[in-house]
Amino acid sequence: MTETPRDATREDRIRLVRIQAFFENAKGNPIALVVTGLFFVLLMYGEGGPRSLLLSWTLALFVVSGGVYLFDRYVGKVGLSLENAQRLFGWRCILGCVIACVFGATVLLLPQDSARTAYCFVFIITMSVAAAGYLAYATVYWYCLLVNLFSMFPLSAYCFYRYFLDGEAFFLLMGLASVLWQLIFSTKAYRISKSVIGEIIARERLRDEMAERRVVEEALGASEARSKRLATMLRLICDNVPDMIWAKDLEGRYLFVNRAFSERLLKATSTDEPLGKTFGFFVERERNAHADDPEWYTLGEYSEDVDRHVLGREEPTEYEESGHVCGTFAFLEVNQARLIDDRGELIGTVGCARDITERKASEGVVERLAYYDALTELPNRALLNDRMHQALAQAKRDRGRLAVLFVDLDQLKPVNDTYGHDVGDLLLREVAMRLREVVQREADTVARLGGDEFVVLLQRVNREQDAATVAAKILESLNASFKLQGEEIRISASIGIAVFPYHGEDHGQLLKHADAAMYAAKRGGRNSYCFFDETMSGQ
């Protein structure tokens, strides 16, 4: 049989499948009917039935059965489709009803004086034809009813007729048995037909669902393939541009980095390694690997503050940033903006950076930025270390003294939180100016280490009291109020003092001991200075 088309409606497919099942089950029925009919003819001949009628009935049986056989062969050859199935099925029903009528007429071939067993045999034959119709054609129940009507109803009618004519109980029982059998078998056949049709409907419904699922899966697969191709292309584009590109979530964890950013700034093994990690993780890893070089990685000191600033404004943020990356000074031009998803929700930040170190070098800026703080224009840690080396060498030759003052501002964070980082930056510049006003000797150095930390290097100190005098002047100067953008701001400072050669032999020890003394001053109430002593070594 022809395969049911996929583009047909479910109702059309169900109707076609039922008709296909009808023709499939009908194969071989004409031969079985001929064999059954020949047995009947032999029985009737033995009962003395009219030869002419038996011959006519046999010819009719062969003609109709042959017609059904040839018709079924024709249908098998041309196949069934939505266009011809209903028409071919109609003709087949007509032929089937004719055969049922032929077998229904068998009761008329019995002589009236035939033995009762002959009537029983006729009952069995017609019952077999009806049963075969019910079982073979379960997908078309109304056709089964027609076969039953034309094959068994004549026998039932004839038996009741003979009962009313002759009054014999045998015909009454035969008629009642025929009617009862038809009722029982038609009920059973109805249930079978309903079950079979239900299976066809369920199978076609499942077929539709599977087809829909297949369409969805194919569409999803095509969409995933397109998305994968697009993602691959975007990755290739991003990895082949020289600029550094990244995206972070609201917690500062990387969602995406391109090859330039991964290799040049994070020193990651791949573009996947940074995912889920923060910038601070990679900076700390580099610093720990080069703990002996404080200037190994200084870029991005305020990256978290910048991210918060970017998240707080709708417009993109443009700025320049500089610092050491793995011992090499770099100057970046950075653009950052908020990262918004397709639902309009803020999910993080996105940015790109371009290395403009060479351009800045051509402008004569890089060398100064490598040794001076960009915000305050004070010497940075690198230049401070260089000057401390020179000052210590001179002091050792002259057997002189020098002092290191570690200055830490006490209230910078509240200023940033209250007035913003712009005001905080202005305050740091003012602090630098006041420190330079206090420390005026050309041989001395005022440096900024970063954040709110400053260091004053005093060369050729005759007494420890000289360092204390400078520290007191610094405190007095910083205690005076600052007027910034219409706001009056007050801060204080804590100062730790370490003197060569009493508190250290090299610049690292002196800075470390001055830092410890500064924390002692903070613990002592802040807004004060404190000299280092050995009790602070373990703190």
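Residues numbered from 1 in each chain as written. Predicted model: local features only at pLDDT ≥ 70, side-chain atom pairs only at ≥ 80, totals over all residues. Heavy atoms only, no water.

Chemist: Teacher, can you tell me more about the environment of Ala8 here?
Modeler: Assignment of secondary structure puts Ala8 in the segment before helix 1 (10-25). Ala8 gets classed as buried once you look at its relative accessible area, which sits at 12%. Along the primary structure Ala8 and Asp272 are separated by 264 residues, whereas in three dimensions their C-alpha atoms are 50 Å apart. Setting aside anything within four residues of it in sequence, one finds Ala8 in contact with Arg13 and Leu82. (Helix = DSSP H or I, 4+ residues; strand = E, 2+ residues; numbered from the N terminus. Buried < 20%, exposed > 50% of the residue type's maximum accessible area, 1.4 Å probe, protein only. Contact = heavy atoms within 4.5 Å.)

Chemist: Just to check I follow, could you spell out the pairing of strand 2 (residues 254-257) for this structure?
Modeler: Pairing between strand 1 (residues 244-249) and strand 2: 3 bridges, direction antiparallel. If you follow Lys248 over to strand 2, its bridge partner there is Tyr254. (Pairing = 2+ DSSP bridges.)

Chemist: Please clarify how empty space enclosed by the protein should be interpreted in this entry.
Modeler: Empty pockets left among the atoms are what a rolling probe the size of a water molecule brings to light. According to the stated counting rule, one finds 1 cavity of 30 Å³ or more in the structure shown. Considered as a void within the structure, the largest cavity measures approximately 180 Å³ in volume. Split into classes, the residues belonging to the lining of the largest cavity amount to 11 nonpolar, 3 polar and 3 charged. (1 Å grid on protein atoms, 1.4 Å probe; cavity = no way out; pocket = protein on both sides within 12 Å on 5 of 7 lines; lining within 4 Å. Points joined across faces, edges and corners; volume = space filled by probe spheres on them. Nonpolar A, V, L, I, M, F, W, Y, C, P; charged D, E, K, R; others polar.)

Chemist: What is the right way to look at the side chain of Glu273 in this model?
Modeler: Counting through the fold element by element, Glu273 comes out in the loop between helix 8 (259-266) and helix 9 (279-289). Here the side chain of Glu273 touches Thr269 through a polar contact of 2.6 Å, landing on its backbone nitrogen. Ignoring any residue separated from it by four or fewer positions in sequence, one finds Glu273 in contact with Ala268, Phe282 and Arg285. (Polar contact = N/O pair within 3.5 Å; in protein donor to acceptor, adjacent residues only side chain to side chain.)

Chemist: What is the right way to look at the sheet that holds strand 5 (residues 346-355) in this model?
Modeler: As a general point, the strands of a sheet are linked pairwise by backbone hydrogen bonds and lie either parallel or antiparallel. Taking strand neighbours across the sheet as the criterion, the 5 strands line up as 2-1-5-4-3 in an open arrangement whose pairing is antiparallel. Bordering the open sheet on either side are strand 2 and strand 3 (317-325), each of which pairs with just one other strand. The mean inter-strand angle of the sheet, taken between neighbouring strand axes irrespective of direction, is 25°. Strand direction decides the pairing type here: strand 4 (residues 328-340) and strand 5, joined by 9 bridges, are antiparallel. Note that in strand 5 the partner of Leu332 across the bridge is Asp355. (Axes fitted to C-alpha atoms, helices over the stretch in contact; angles between N-to-C directions.)

Chemist: Please explain the packing of helix 13 (residues 381-398) against helix 17 (residues 507-523) as it appears in this structure.
Modeler: For any two helices packed against each other, the geometry is given by the interaxial angle and the distance between the axes. Contact pair helix 13 / helix 17: the axes reach a minimum separation of 10 Å and the direction vectors enclose 110°. On the basis of the axis angle, helix 13 is roughly perpendicular to helix 17. On helix 17, the residues touching Leu384, Asn385, Met388, His389 and Leu392 of helix 13 are His507, Leu510 and Leu511. By residue class, the composition of the contact of helix 13 with helix 17 is 5 nonpolar, 3 polar and no charged. (Parallel < 35°, antiparallel > 145°, perpendicular 65-115°, else oblique.)

Chemist: Would you take a moment to explain the side chain of Gln459 for this structure?
Modeler: Assignment of secondary structure puts Gln459 in strand 8 (residues 453-459). Relative accessible area serves as the criterion here: at 16%, Gln459 is assigned to the buried category. In this view, Gln459 contacts Ala391, Arg401, Leu402, Arg441, Ala443 and Asp444; residues no more than four positions away in its chain are not counted.

Chemist: Where do I start with the pairing of strand 4 in this structure?
Modeler: A regular strand carries its side chains on alternate faces of the sheet. In this structure, strand 3 lies alongside strand 4, joined through 9 bridges in antiparallel fashion. For Glu318, the partnering residue across the bridge sits in strand 4 and is Asn335. As consecutive antiparallel partners, strand 3 and strand 4 are separated by 2 residues, and within that stretch Cys326 has a phi angle of approximately 55°, a positive value.

Chemist: Before we go on, may I ask you to explain helix 15 (residues 421-438) in this structure?
Modeler: Residues that lie three or four places apart on an α-helix share one face, since the helix turns once every 3.6 residues. Between its first and last C-alpha, helix 15 extends 26 Å over 18 residues, near the 26 Å set by a 1.5 Å rise per residue. Burial in helix 15 covers these residues: Val423, Gly424, Leu427, Leu428, Val431, Ala432, Arg434 and Leu435. (Expected span 1.5 Å × (residues − 1).)

It is worth stressing that arrangement in space is one thing and function is another; only the former is reported here.
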